[in-house]
Amino acid sequence: MFETKPDITGCAEIETLVNTFYDRVRTDEVLGFIFNEVAHTNWTTHLPKMYAFWETVLFRTGGFTGNPLAAHAKLVPLTDMGRDKFDHWLQLFRRTVDDLFAGERAEHIKNCAADMANVIYSRINGVPDPRFDPANLTPEQLARYSRYQQPAA
Ligand code: HEM
């Protein structure tokens, strides 16, 4: 028998996802100490902030008003916030989504997370966004972007 997982349809699923993800993050051997010992995260306020964040991303209803770039930039002088950390974060996030949900929104939230991980990683570390590295582009994107590089006639 196939087990059918639900898709993310509203705030209840977002809360389940966020709670499960940060339960894993807190005890994760690569990421846990950043929250527990570097940022000294107050989970009572951080979790509702993350519900609002993802509700805003998915449904535009969360009312999130934070500043993710500043929040992560603050960590750079205190701990390594390199590509490996972001890849690990993403792997854990994707796995958590897949353990709980399946469907269009589940795919969408994983894509949003990957985009934001790229933006946050590259901006706080002052390196180019890997999404625009020619090695990561599809042939269609390469052809489309090359049009912008042609000198004006
Ligand atoms: C290496 C990967 C990451 C680490 C170690 C990390 C760690 C943290 C920490 C320590 C905080 C502050 C929590 C506090 O207030 O104490 C934070 C806030 C936050 N993180 Fe991350 N994070 C990572 C990746 C991401 C990604 C990829 C996203 C988005 C998809 C994200 C979204 C957020 C948001 C929305 C906040 C709240 C910002 C605010 O206060 O306005 N994080 N993160």
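Scroll up a little and you will see the structure.
A few points on the structure.

Counting secondary structure elements, the protein chain contains 7 helices and 0 strands. Element order for the protein chain, N to C, with α for helix and β for strand: α-α-α-α-α-α-α. When its C-alpha atoms are laid out on the principal axes, the protein chain stretches across 60 × 45 × 30 Å. Buried residues in the protein chain amount to 34% of all 153 residues. Residue pairs at least 24 apart in sequence account for 69% of intrachain contacts in the protein chain once pairs closer than 6 positions are excluded. Here the protein chain has roughly 9700 Å² of accessible surface; of this, 54% comes from carbon and sulfur atoms. With 16 positive and 20 negative side-chain charges, the protein chain shows a separation of 5 Å between the mean positions of the two kinds.

Turning our eyes to something else, we now look at the packing of aromatic side chains. Counting across every chain of the model gives 11 aromatic pairs. Note on tyrosine 22 and phenylalanine 35: the rings are 5.9 Å apart at their centroids and 70° apart in plane angle, and the pair reads as edge-to-face. You can see tyrosine 22 sitting in helix H1 (residues 11-26) and its partner phenylalanine 35 sitting in helix H2 (residues 32-38), a full 13 residues away along the chain. Overall, the relative accessible area of 4% leaves tyrosine 22 in the buried class.

Another point: the nonpolar core. Of all hydrophobic cores here, the largest spans 35 residues; its most connected members are Val18, Tyr22, Trp54, Trp89, Phe93 and Ile109. Elements with a minimum of two residues in this core: H1, H2, helix H3 (43-59), helix H5 (83-100) and helix H6 (104-125). Top contributing element to this core by residue count: H6, with 9 residues. Ignoring anything within four residues of it in the chain, the contact list for isoleucine 109 reads Ile8, Leu17, Trp54, Leu58, Phe93 and Val97.

Let's shift gears to the coordination of the iron atom of the ligand. From the protein, the iron atom of the ligand takes a single donor atom, His72 (NE2), 2.0 Å away. As for its placement among the helices and strands, histidine 72 is situated in helix H4 (residues 68-73).

To continue, consider the site of the ligand. Neighbouring the ligand are 23 residues; Phe35, Thr41, Lys49, Asn67 and His72 lie closest to it. Between an oxygen atom of the ligand and a main-chain N or O atom of asparagine 67, the distance comes to 2.7 Å. Taking histidine 72, its side chain carries an N or O atom lying 2.8 Å from a nitrogen atom of the ligand. Here the shell around the ligand gets 5 residues from one element, more than from any other, and that element is H3. Grouping the amino acids of the shell around the ligand by side-chain chemistry returns 16 nonpolar, 5 polar and 2 charged.

Attention now moves to the packing of H3 against H6. Running from N to C, H3 and H6 cross one another at 110°; their axes reach a closest spacing of 11 Å. On the basis of their axis angle, the class for H3 and H6 is roughly perpendicular. Our pair here, H3 against H6, has a crossing hand that is right-handed. Note on element contacts: H6 touches H3 through Arg105, His108, Ile109, Cys112, Ala113 and Met116, opposite Phe53, Trp54, Val57, Leu58 and Phe59. Tallied by class, residues from the contact of H3 with H6 come to 9 nonpolar, 1 polar and 1 charged.

Rules used in this analysis
- Residues numbered from 1 in each chain as written.
- Predicted model: local features only at pLDDT ≥ 70, side-chain atom pairs only at ≥ 80, totals over all residues.
- Heavy atoms only, no water.
- Helix = DSSP H or I, 4+ residues; strand = E, 2+ residues; numbered from the N terminus.
- Buried < 20%, exposed > 50% of the residue type's maximum accessible area, 1.4 Å probe, protein only.
- Contact = heavy atoms within 4.5 Å.
- Areas by Shrake-Rupley, 256 points an atom, 1.4 Å probe, with all protein chains shown as cover.
- Lys, Arg positive; Asp, Glu negative; His and termini not counted.
- Charge placed at Lys NZ, Arg CZ, Asp CG, Glu CD.
- Phe/Tyr/Trp six-rings, centres within 6.5 Å; stacked < 30°, edge-to-face > 60°.
- Core = buried A, V, L, I, M, F, W, Y, C linked by side-chain atoms within 4.5 Å.
- Donors = N, O, S within 2.8 Å, 3.2 Å for Na, K, Ca; no water.
- Near = heavy atom within 4 Å.
- Polar contact = N/O pair within 3.5 Å; in protein donor to acceptor, adjacent residues only side chain to side chain.
- Nonpolar A, V, L, I, M, F, W, Y, C, P; charged D, E, K, R; others polar.
- Axes fitted to C-alpha atoms, helices over the stretch in contact; angles between N-to-C directions.
- Parallel < 35°, antiparallel > 145°, perpendicular 65-115°, else oblique.
- Left-handed = near helix turned anticlockwise from the far one by under 90°.

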